[in-house]
Amino acid sequence: GAVVSQHPSRVICKSGTSVKIECRSLDFQATTMFWYRQFPKQSLMLMATSNEGSKATYEQGVEKDKFLINHASLTLSTLTVTSAHPEDSSFYICSAPDRDNYGYTFGSGTRLTVV
Amino acid sequence: AQTVTQSQPEMSVQEAETVTLSCTYDTSENNYYLFWYKQPPSRQMILVIRQEAYKQQNATENRFSVNFQKAAKSFSLKISDSQLGDTAMYFCALYSYFGNEKLTFGTGTRLTIIP
């Protein structure tokens, strides 16, 4: 079935630095990628939707200048957390529609800790 | 707007027993899909079961089955012969064709299987 590979799985960075998270579709073309943020013991909160070759669509309240999303190819979408602060520490998950199976495939997530 | 409600934040059950997780939803669409996802401690999102709204027959996957009541907009998950590996967060989710392919998640139910 469709697989989305997400890296890194864990990252620790210093305040003020930027961190890039990558999601690659391994055996299918992901023209759309959803980016979620998940706080401990809470549900997934959709941050933005990226579409290959066009600008990402951000959900209300999500700072597009802080969370830069790029979807430059049919198999790669990236989320860059810029000028990270401790409050950006969270679990980030990507997901792509698996249109052949009317479902979704999720990356394994990235735990970001900003110190 | 679409909404998904899970009214049971936490549940626990003895191993080998049966447990039912509740989910209600709201959508103005007639064509949609409903999902149950499992998120174990590894935090990888795993599809448990999927139901197409146009199908009257309840979906089943081995020990997992749903009770889909379209008129009542209810979509409960029954886990039979529960196993320790079933311990996880369970999320109910809704997708409709006209929702820009976005998944709407419920707040989740934390299920603990007691040995």
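Structure first, text after, so check above.
None of these values were measured; they are calculated from a predicted model. The numbers attached to residues start from 1 for each chain and follow its sequence in the written order. Here the convention is simple: chains get letters from A, ligands get numbers from 1, in the order in which they are written. Where totals are concerned, whole chains, interfaces and linings use all residues; where local detail is concerned, this predicted model gives features only for residues with pLDDT of at least 70, and gives and counts side-chain atom pairs only at 80 or more. Processing note: side-chain calculations cover all non-hydrogen atoms of the structure and skip hydrogens and water entirely.

Trainee: Sorry if this is basic, but what is going on with the overall build of chain B here?
Mentor: The helix and strand inventory of chain B stands at zero helices and 12 strands. With the radius of gyration taken over C-alpha atoms, the globule rule is written as 2.2 Å times the number of residues to the power 0.38. A globule of 115 residues ought to have a C-alpha radius of gyration of about 13 Å, and chain B, at 14 Å, matches this closely. The C-alpha extent of chain B, read off along each of the three principal axes, is 45 × 25 × 20 Å. The proportion of buried residues among the 115 residues of chain B is 50%. A run of DSSP states H or I qualifies as a helix once it reaches four residues; a run of E qualifies as a strand once it reaches two. Both are numbered from the N-terminal end. Summary of the burial criterion: residues with accessible area below 20% of their type's maximum are buried, those above 50% are exposed, and those between are partly exposed, where the area comes from a 1.4 Å probe applied to protein chains only.

Trainee: Help me understand the environment of Ser22(B) in this model?
Mentor: Residue and element names in this part refer to chain B. Take Ser 22: it is sitting in the loop between strand E3 (19-21) and strand E4 (24-26). On the basis of relative accessibility, which here comes to 28%, the residue Ser 22 falls in the partly exposed class. For the pair Ser 22 and Asn 62, spaced 40 residues apart in sequence, the C-alpha to C-alpha distance is 19 Å. Two residues qualify as a contact provided that any one of their heavy atoms is within 4.5 Å of a heavy atom in the partner residue. What Ser 22 contacts, discounting residues up to four positions off in sequence, is Thr 5, Gln 6, Ser 7, Gln 8, Trp 36 and Ser 76.

Trainee: Would you mind showing me how to read the state of the cysteines here?
Mentor: In a disulfide, the sulfur atoms of two cysteines are held together by a covalent bond. Working definition: a disulfide is two cysteine sulfur atoms within 2.5 Å of each other. Scanning the entire structure with this criterion turns up two disulfides over all chains. For Cys23(B), the disulfide goes to Cys92(B), at an S-S distance of 2.0 Å. Given an S-S torsion of about -70 degrees, the disulfide between Cys23(B) and Cys92(B) has left-handed geometry. Of this pair, Cys23(B) sits in the loop between E3 and E4 while Cys92(B) sits in strand E10 (residues 88-96), placing them 69 residues apart in sequence. Cys92(B) matches Cys23(B) in its accessibility class, with the two residues each being buried. We note that Cys13(A) lacks a disulfide partner, and the nearest cysteine sulfur, in Cys23(A), lies 17 Å from it.

Trainee: Teacher, can you tell me more about the pattern of salt bridges here?
Mentor: Oppositely charged side chains are able to pair whenever their charged atoms sit close together. Any carboxyl oxygen of Asp or Glu within 4 Å of a side-chain nitrogen of Lys or Arg constitutes a salt bridge here. Scanning the model with the defined rule gives seven salt bridges over all chains in all. With a closest N to O distance of 2.8 Å, Asp88(A) and Lys66(A) form a salt bridge. A residue pair is termed long-range when its members are at least 10 positions apart, and Asp88(A) in the loop between strand E8 (76-81) and strand E9 (90-98) and Lys66(A) in the loop between strand E6 (57-58) and strand E7 (67-73) qualify at 22 residues. Comparing Asp88(A) with Lys66(A), the two get one shared label, buried. Its salt-bridge partner being Lys73(B), residue Asp26(B) comes within 3.0 Å of it at the nearest N-O pair.

Trainee: Where do I start with the pairing of E9(A) in this structure?
Mentor: Each regular strand displays side chains that alternate between the two surfaces of the sheet. Residues and elements named next belong to chain A. Of all the nine residues making up E9, nine are buried; the element is thus mostly covered by neighbouring parts of the structure. One ladder, built from five bridges, connects strand E4 (residues 32-38) with E9; its direction is antiparallel. Residue pairing in the sheet places Phe 34 in a bridge with Ser 95 of E9. The sheet contact formed by E9 and strand E11 (residues 110-114) spans three bridges and is antiparallel. What sits directly across from Ser 90, in E11, is Leu 112. For two strands to count as paired, DSSP must find a minimum of two bridges between them. Where E9 lies against strand E10 (residues 103-106), four bridges are found, and the strand directions are antiparallel. Following the sheet pairing, Ser 95 is matched in E10 by Phe 106.

Honestly, that's just the spatial picture; any functional story needs more than this.
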